[in-house]
Amino acid sequence: VHALWSQMSSSGGVGSNALIEQVPWSTFKRAFCQFMNVPQDQETKYNKPLKAINELLQAGGDEGKVTLQKFERFVQWFSPLQPVIGGSGQSTFDEVIALISEHWFWGSMSAEKATAYLDPPNVPLKSFLVRFSENKEGQFVISMKVKGLKKNDPPVVQHRRIEQKPNSPIVPTINQQIKQQKLKKPLQGRPAKFQSILKDVDTSTNLYIAGSAPVHVNMTPWNSSKVIY
């Protein structure tokens, strides 16, 4: 991460030994595309995943900036980063598009905010969303509305962390856990920002589609005494 970031710092006109806290999006995009084996004259082909990455990094659009801290989080979410190889295979660009294409994905969110979305009485049982944890960097969390522990207890919102194994595809891993939990449907009303990025995605390109690849799930048990994710 720091080696790539140092390259970005140098490209931005800062000494090669300096590790600055943020770089312009344009500098980040060019260096990241170089790492991803995308020539400058082909960047427009990857416009949608780049827009999605801009959003996940909270970079603030084409005129915004990327911070080192947020880039480190991005690498943890999608580790290991997979460059584009020969126009085929699954790259990090494909993983990003596959993730934001899922209606259950809401981006970065605290447990308290997820609870506020799921807790209202009009939200059906087994409703859920998937988010980045704000307290556990690099972690995905399923927040779900389920029955209380005892027969007459009111419904509760639980938060369960999913441990990603190295080289295990993100979306199939999460979908398997959703199936194991017998969750019914994603919570409605997720942020429109993801759909606006996706609306012009060319489905004829070789974007990653969740399949039946083997996955490895390590579920962290729910602790009802405190919210930590």
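Residues numbered from 1 in each chain as written. Predicted model: local features only at pLDDT ≥ 70, side-chain atom pairs only at ≥ 80, totals over all residues. Heavy atoms only, no water.

Trainee: Hey, could you go over the packing of helix H3 (residues 47-56) against helix H5 (residues 92-100) for me, with residue numbers and the actual values?
Mentor: Here H3 crosses H5 at 70°, and the two axes come no closer than 9 Å. By the criterion of interaxial angle, the relationship of H3 to H5 is roughly perpendicular. Seen from above, H3 lies across H5 with left-handed handedness. Counted together, Lys48, Pro49, Leu50, Ala52, Ile53 and Leu56 of H3 and Phe93, Val96, Ile97 and Ile100 of H5 form the full contact between these two elements. (Axes fitted to C-alpha atoms, helices over the stretch in contact; angles between N-to-C directions. Helix = DSSP H or I, 4+ residues; strand = E, 2+ residues; numbered from the N terminus. Parallel < 35°, antiparallel > 145°, perpendicular 65-115°, else oblique. Left-handed = near helix turned anticlockwise from the far one by under 90°. Contact = heavy atoms within 4.5 Å.)

Trainee: Could you give an account of the layout of surface pockets, naming the residues involved and the relevant values?
Mentor: The calculated volume of the second largest pocket comes to roughly 200 Å³. Lining of the second largest pocket is provided by Phe78, Ser79, Pro80, Gln82, Gln90, Thr92, Glu95, Asn167, Ser168, Pro169 and Ile170. Across the lining of the second largest pocket, the residue classes break down as four nonpolar, six polar and one charged. (1 Å grid on protein atoms, 1.4 Å probe; cavity = no way out; pocket = protein on both sides within 12 Å on 5 of 7 lines; lining within 4 Å. Points joined across faces, edges and corners; volume = space filled by probe spheres on them. Nonpolar A, V, L, I, M, F, W, Y, C, P; charged D, E, K, R; others polar.)

Trainee: I'd like a description of the nonpolar core, backed by residues and values.
Mentor: In terms of nonpolar packing, the biggest core is built from 51 residues, with Phe28, Phe32, Phe71, Phe74 and Phe78 touching the most fellow members. Contacts of Phe78, omitting those with residues within four sequence positions, involve Leu56, Thr92, Glu95, Val96, Leu99, Phe132 and Ile170. (Core = buried A, V, L, I, M, F, W, Y, C linked by side-chain atoms within 4.5 Å. Buried < 20%, exposed > 50% of the residue type's maximum accessible area, 1.4 Å probe, protein only.)

Trainee: Let's hear about the confidence of the model for the protein: which residues, and what values?
Mentor: The predicted model of the protein averages 82 in pLDDT, with 81% of residues at 70 or higher. In this model residues 202-229 is a low-confidence stretch, pLDDT under 50, and it forms 64 contacts with partners more than four residues away in sequence or in other chains. (pLDDT = per-residue confidence, 0-100.)

Trainee: Any details on the packing of aromatic side chains? Residues and values, ideally.
Mentor: Taken as a whole and assessed by the stated rule, the structure comprises 14 aromatic pairs. With a centroid separation of 5.3 Å and 80° between ring planes, the pair formed by Phe28 and Phe71 is classed as edge-to-face. Here the residue Phe28 occupies a position in helix H2 (residues 25-35), and Phe71 occupies one in helix H4 (residues 68-78), the gap between them amounting to 43 residues. The class for Phe28 is buried, based on a relative accessible area of 1%. Overall, the relative accessible area of 0% leaves Phe71 in the buried class. Three or more aromatic residues link up through ring pairs in this structure, and these residues are Trp5, Trp25, Phe28, Phe32, Phe35, Tyr46, Phe71, Phe74, Phe78 and Phe93. (Phe/Tyr/Trp six-rings, centres within 6.5 Å; stacked < 30°, edge-to-face > 60°.)

Trainee: Explain the pattern of salt bridges residue by residue, including any values.
Mentor: All told, the structure shown has three salt bridges when counted by the stated rule. In this structure, Lys193 and Glu55 form a salt bridge, with 3.3 Å as the shortest nitrogen-oxygen distance. Of this pair, Lys193 sits in helix H8 (residues 192-198) while Glu55 sits in helix H3, and the two are 138 residues apart along the sequence. (Salt bridge = Lys/Arg side-chain N within 4 Å of Asp/Glu carboxyl O.)

Trainee: Could you give an account of H3, with specific residues and numbers?
Mentor: In terms of residue burial, H3 counts as a mostly covered element, since seven of its 10 residues are buried. Those residues of H3 lying buried are Lys48, Pro49, Leu50, Ala52, Ile53, Asn54 and Leu56. In this structure, the buried residues of H3 make contact with H2, H4, H5, strand S3 (105-109), strand S4 (127-133) and H8. Of the residues trailing H3, Gln58 is marked for its positive phi of about 50°.

Trainee: Report on the pairing of S4, specifying residues and quantitative values.
Mentor: With seven of seven residues buried, S4 is to be regarded as a mostly interior element. Looking at chain direction, S3 and S4 are connected through three bridges and run parallel. When the bridges of S4 are listed, Met109 appears paired with Ser133. Tracing the backbone out of S3, into helix H6 (residues 111-118) and back to the parallel element S4 gives a crossover that is right-handed. The pairing of S4 with strand S7 (residues 185-186) spans two bridges and is parallel. Paired with Ser127 across the strands is Lys185, a residue of S7. With five bridges connecting them, S4 and strand S5 (residues 140-146) associate as antiparallel partners. Counted as the bridge partner of Phe128 is Met144 from S5. The turn joining S4 and S5, which pair antiparallel and follow one another in sequence, is formed by six residues; a positive phi near 80° is taken by Gly138. (Pairing = 2+ DSSP bridges. Right-handed = clockwise from strand over helix to strand, strands pointing away.)

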